[in-house]
Amino acid sequence: MHSIPLPAVMHPLSLSASSRFLSQKLLIPSSFFSNFKTTHQRFDKNFTKVPIIIRNCTSPPVSAKPSSQIRRSRAKKLEPDEKLQALRELFSKPGIGIDAYIIPSQDAHQSEFIAECYMRRTYISGFTGSAGTAVVTKEKAALWTDGRYFLQAEKQLNSNWILMRAGNPGVPTTSEWLNDVLAPGAKVGVDPFLFSFDAAEELKEAIAKKNHKLVYLYNPNLVDEIWKGSRPIPPNKPIRIHELKYAGVDVASKLSFLRSELLDTFSSAIIVSMLDEIAWLLNLRGGDVPHSPVMYAYLIVEVDGAKLFVDNSKVTPEVLNHLKNAGVELKPYDTILSEIESLAAKGAELWFDTSSVNAAIVNTYKSACDRHFEIHASDRKGNLRNGSNDQSWGPSGVYRASPISLAKAVKNSAELEGMHNSHLRDAAALAEFWVWLEEEIDKDVKLTEVDVADKLLEFRSKQAGFIDTSFDTISGSGANGAIIHYKPEPESCSVVDPKKLFLLDSGAQYVDGTTDITRTVHFGEPTAREKECFTRVLQGHIALDQAVFPENTPGFVLDAFARSSLWKIGLDYRHGTGHGVGAALNVHEGPQSISFRYGNMTPLQKGMIVSNEPGYYEDHAFGIRIENLLCVKQVDTPNRYGGIEYLGFEKLTYVPVQTKLVDLSLLSVGEVDWLNNYHAQVWEKASAHQPIFCAFTIAQINHRDLQVSPLLDGSAREWLWNNTRPLVKQ
């Protein structure tokens, strides 16, 4: 499953900014492969308003018009929109007084997947994609999203909304658009809980060019104000312990590591707001967010203690005892700001990762520090008159990346074992599923895209340790496969057409691991063009899988491996090639990624897990994607230039690639060997799938009764055998 690279996922305003990388020249210094540090860069806009020409495999060129031209062709007559009207009426109320309001996709923790009660951008706009930013002025409404969601947004937005196709020529950023449509000196309102501090500062700086002012509206959130009684209640599912045999490292050791980092940076405490970081650090899992086993909480870790800010009703007696043993005190979730103020008043130097900690928390600390400064100003003046050179002016904060992010990304042996085991169980479920689907298609049974997704869930739910899907299953037949993050809905989805390509991107959360896999198949006879496009995607997949690279190499360096075969005939895809994956955690995690957006300088390290998912999508026609998960491993090379290690990848996913779609004439002998070797491994591992008895309690897996996996039945084994036979290049 695709994601934007981490900075864009956690940065509400960077959808448009991050996609501007295509217009930049890449300059690589001579010290490129040494001493990398994770950085966040900003890029200037440099677009020209010309059509993009994309050449198809065997068809005439396809012309993609600039978004500005597409927008002008939209219907001019506006539909009534009661939500927008109600929101605009709030702009002029006392204590608000704004000219525009920005509604990002995120919750207060900058999460990609969020609880339904926090889906404010979805509520106000009707657009259900996971990434996007809505901006409403007194007269206009616009929504920015990236290339994964262009087609979906076209369908879901009504005529009141302007669709801003981020990254396309002629499309302004959110701040550029505000500067253009608002009169100088306007006030732009935001909920500071929903913006990282970095995002808010970037926005403030950008709109100041037209003397606009950024206004923080802490309470209420304006969308919540009009949502009122129909708004879903906040989640309240119990927290569970992630057992040590899966976590690999106990909480005390993780906290000890973090406290050593605090001492090294002369920090008093660190504020942790990313939900997966909290879950990983405390060896806890929750059920507050769909598809992600996390709970809504904040965590403050001090040198001599820790406080977890969470709804106490979610804490079971077992979890309470687990936290007490780790020296973690419980506090109400909504008291985080008062605790920040209290720490600042005591002179605490707090560590913030400003790319993820929200602006409300950081600004509360800064304001409290300013008050601390004013209160003690007279004392400092007295010291100076007495000849003292006292420079202790109170706390100022430590602003740098969270050390938890990288520690979590590098999996330990227990986490890797859990990932391997869960992927084998997942492969067994998929083998049984594909047998069922092909048999139903052969019998001319009419199945909708939702029927297929539901049946896959049924097969997965029989596997030991299954908890949930890791994201909404993308089940797309024909043209729907071209909608990169398509979500079929019962009332509008298509029937699976055996004469068209079918794309299935799915994943699961198991108690010991997280899976994510995409396969594209054809149930009839694919055209020569479909086969060529599929084969070129496969060539990119193989090239990345076989990559060997020196340590300290960031993921963006490898992105071109996956695109080069498509580039040769003028094709490409509008998403990154790989994202990080958590171990029984979020299916999208950072800081690593493999993407053409080269601002992420995080080097790939041994033990990291990434996806390998090149694709090709032709709007209103078909979509192709092939995805496996890979683990970064050390590779023994004949030479070690510079005395450093060289790295490569180990596969975690073992499900056949449909060879019917492969044009053997395009593959080299080495690529055919790769496919045959991969299928030999699939047969060896998946066909030998044995029952795995897991002694989990019902409470540990959200009250779901575990079922022991049976051996693959005869039809599934036969399907595996037929789909893993070696190919011979003539």
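For clarity, every value in this text was computed on a predicted model and none was experimentally measured.

Helices and strands together make up the secondary structure of the chain, namely 23 helices and 30 strands. Restricting to contacts in the chain with at least 6 residues of sequence separation, those with at least 24 account for 74%.

Let's shift gears to the pairing of strand E28 (residues 622-625). Residues Phe622 and Ile624 of E28 are buried on one face, and the alternating residues Gly623 and Arg625, pointing to the opposite face, are buried as well. Strand direction decides the pairing type here: strand E27 (residues 615-618) and E28, joined by four bridges, are antiparallel. Across the sheet, Gly615 pairs through a bridge with Arg625, a residue of E28.

Using a probe with the size of a water molecule, rolled over the atoms, empty space left in the structure can be pinpointed. Overall, the coordinates contain eight cavities of 30 Å³ or more when judged by the stated rule. Of the volumes computed, that of the second largest cavity is approximately 80 Å³. Along the walls of the second largest cavity sit Trp434, Glu438, Arg519, Val521, Pro656, Val657, Gln658, Trp719 and Asn723, which together make up its complete lining. Those elements giving two or more residues to the lining of the second largest cavity turn out to be helix H18 (413-442), strand E22 (517-522) and helix H23 (714-723). When the residues that make up the lining of the second largest cavity are grouped by side-chain class, the tally is five nonpolar, two polar and two charged.

Read across the sheet, six strands follow the order E6-E5-E4-E3-E7-E8 without closing on themselves; strand pairing throughout is mixed. The open sheet has two free edges, formed respectively by strand E6 (161-165) and strand E8 (213-216), since each of these has just one partner strand. Ignoring which end each strand starts from, the neighbouring axes of this sheet average 25° apart. Sheet strands in contact with helix H7 (residues 174-181) are strand E3 (100-104), strand E4 (133-137), strand E5 (141-145), E6 and strand E7 (187-190), and its direction is about 10° off that of E4. Strand contacts of helix H8 (residues 197-207): E3, E7 and E8, with the helix running at about 145° to E8, the strand carrying the most contacts.

With respect to the helices, strands and loops of the structure, Pro192 is situated in the loop between E7 and H8. Judged by relative accessible area, which is 0%, Pro192 ranks as buried. Separated by 26 residues in sequence, Pro192 and Tyr218 have C-alpha atoms that sit 6.4 Å apart. If sequence neighbours within four positions are ignored, Pro192 has contacts with Tyr216, Leu217, Tyr218, Asn358, Ala359 and Ala360.

Here the structure, examined in full by the defined rule, presents 26 salt bridges. A salt bridge links Asp426 to Arg460, with the nearest nitrogen and oxygen atoms 2.7 Å apart. Taken as a pair, Asp426 in helix H18 and Arg460 in helix H19 (residues 449-461) lie far apart in primary sequence, 34 residues in all. For the pair formed by Asp426 and Arg460, the shared burial category is buried. Of the charged contacts, one joins Arg536 and Glu532 as a salt bridge, the two residues approaching to 3.2 Å between their closest N and O atoms. Here Glu532 and Arg536 lie together in helix H20 (residues 528-545), a separation of four residues that amounts to about one turn.

Taken together, the side chains of Glu439, Asp442, Asp444 and Asp713 make up a negatively charged region of the molecular surface. You can see Asp442 is positioned in helix H18.

Axis separation between H18 and H19 bottoms out at 9 Å; the angle between their running directions is 140°. As judged from the angle between their axes, H18 and H19 are oblique. The handedness of the crossing between H18 and H19 is right-handed. Across the interface between the two elements, Asp426, Ala429, Leu430, Glu432, Phe433, Trp436 and Leu437 of H18 pack against Val452, Lys455, Leu456, Phe459 and Arg460 of H19. For the contact of H18 with H19, a count of residues per class yields eight nonpolar, no polar and four charged.

Strand order in this open sheet of three strands is E18-E19-E22, and the pairing throughout is antiparallel. Edge positions in the sheet fall to strand E18 (474-477) and E22, since each of these pairs with one other strand and no more. If you compare each strand with its neighbour and ignore which way they point, the axes differ by 10° on average. The sheet contact formed by strand E19 (residues 501-506) and E22 spans six bridges and is antiparallel. Opposite Ser506, over in E22, you have Ile517 as the bridge partner.

The next point concerns the packing of aromatic side chains. Enumeration according to the criterion identifies 18 aromatic pairs in this entry. Ring-pair connections join several aromatic residues into one group, and the members of that group are Phe193, Tyr216 and Tyr218. Above the ring of Trp280, the side-chain terminus of Lys254 is found at 4.1 Å from the ring centroid. Positioned above the aromatic ring of Tyr510 is the side chain of Arg425, whose terminal nitrogen or guanidinium carbon lies 5.2 Å from the ring centre.

Attention shifts here to the confidence of the model for the chain. Summarising the model, the chain shows a mean pLDDT of 86, and 84% of its residues fall at 70 or more. In this model residues 4-75 is a low-confidence stretch, pLDDT under 50, and it forms 161 contacts with partners more than four residues away in sequence or in other chains. Confidence drops under pLDDT 50 across residues 690-710; counting only partners more than four residues distant or on other chains, this segment forms 48 contacts.

The omega torsion of the bond from Asn219 to Pro220 falls at 0°, within 30 degrees of zero and hence cis. Following the sequence through the fold, Pro220 ends up in the loop between E8 and helix H9 (222-227). Looking along the chain, the bond that leaves Gly590 and enters Pro591 is cis, with omega of 10°. Mapping Pro591 onto the fold places it in strand E25 (residues 589-594). Phi is positive for Ala584, close to 55°, though the residue is something other than glycine. Tracing the chain through its elements places Ala584 in the loop between strand E24 (578-580) and E25. Among the residues examined, Ala584 registers a relative accessible area of 3% and is labelled buried.

So, how was this worked out
- Residues numbered from 1 in each chain as written.
- Predicted model: local features only at pLDDT ≥ 70, side-chain atom pairs only at ≥ 80, totals over all residues.
- Heavy atoms only, no water.
- Helix = DSSP H or I, 4+ residues; strand = E, 2+ residues; numbered from the N terminus.
- Contact = heavy atoms within 4.5 Å.
- Buried < 20%, exposed > 50% of the residue type's maximum accessible area, 1.4 Å probe, protein only.
- Pairing = 2+ DSSP bridges.
- 1 Å grid on protein atoms, 1.4 Å probe; cavity = no way out; pocket = protein on both sides within 12 Å on 5 of 7 lines; lining within 4 Å.
- Points joined across faces, edges and corners; volume = space filled by probe spheres on them.
- Nonpolar A, V, L, I, M, F, W, Y, C, P; charged D, E, K, R; others polar.
- Axes fitted to C-alpha atoms, helices over the stretch in contact; angles between N-to-C directions.
- Salt bridge = Lys/Arg side-chain N within 4 Å of Asp/Glu carboxyl O.
- Patch = residues over 30% accessible without salt bridge, like charges linked within 9 Å, V, L, I, M, F, W, Y side chains within 5 Å.
- Areas by Shrake-Rupley, 256 points an atom, 1.4 Å probe, with all protein chains shown as cover.
- Lys, Arg positive; Asp, Glu negative; His and termini not counted.
- Charge placed at Lys NZ, Arg CZ, Asp CG, Glu CD.
- Parallel < 35°, antiparallel > 145°, perpendicular 65-115°, else oblique.
- Left-handed = near helix turned anticlockwise from the far one by under 90°.
- Phe/Tyr/Trp six-rings, centres within 6.5 Å; stacked < 30°, edge-to-face > 60°.
- Lys NZ or Arg CZ within 6 Å of the ring centre and 35° of its normal.
- pLDDT = per-residue confidence, 0-100.

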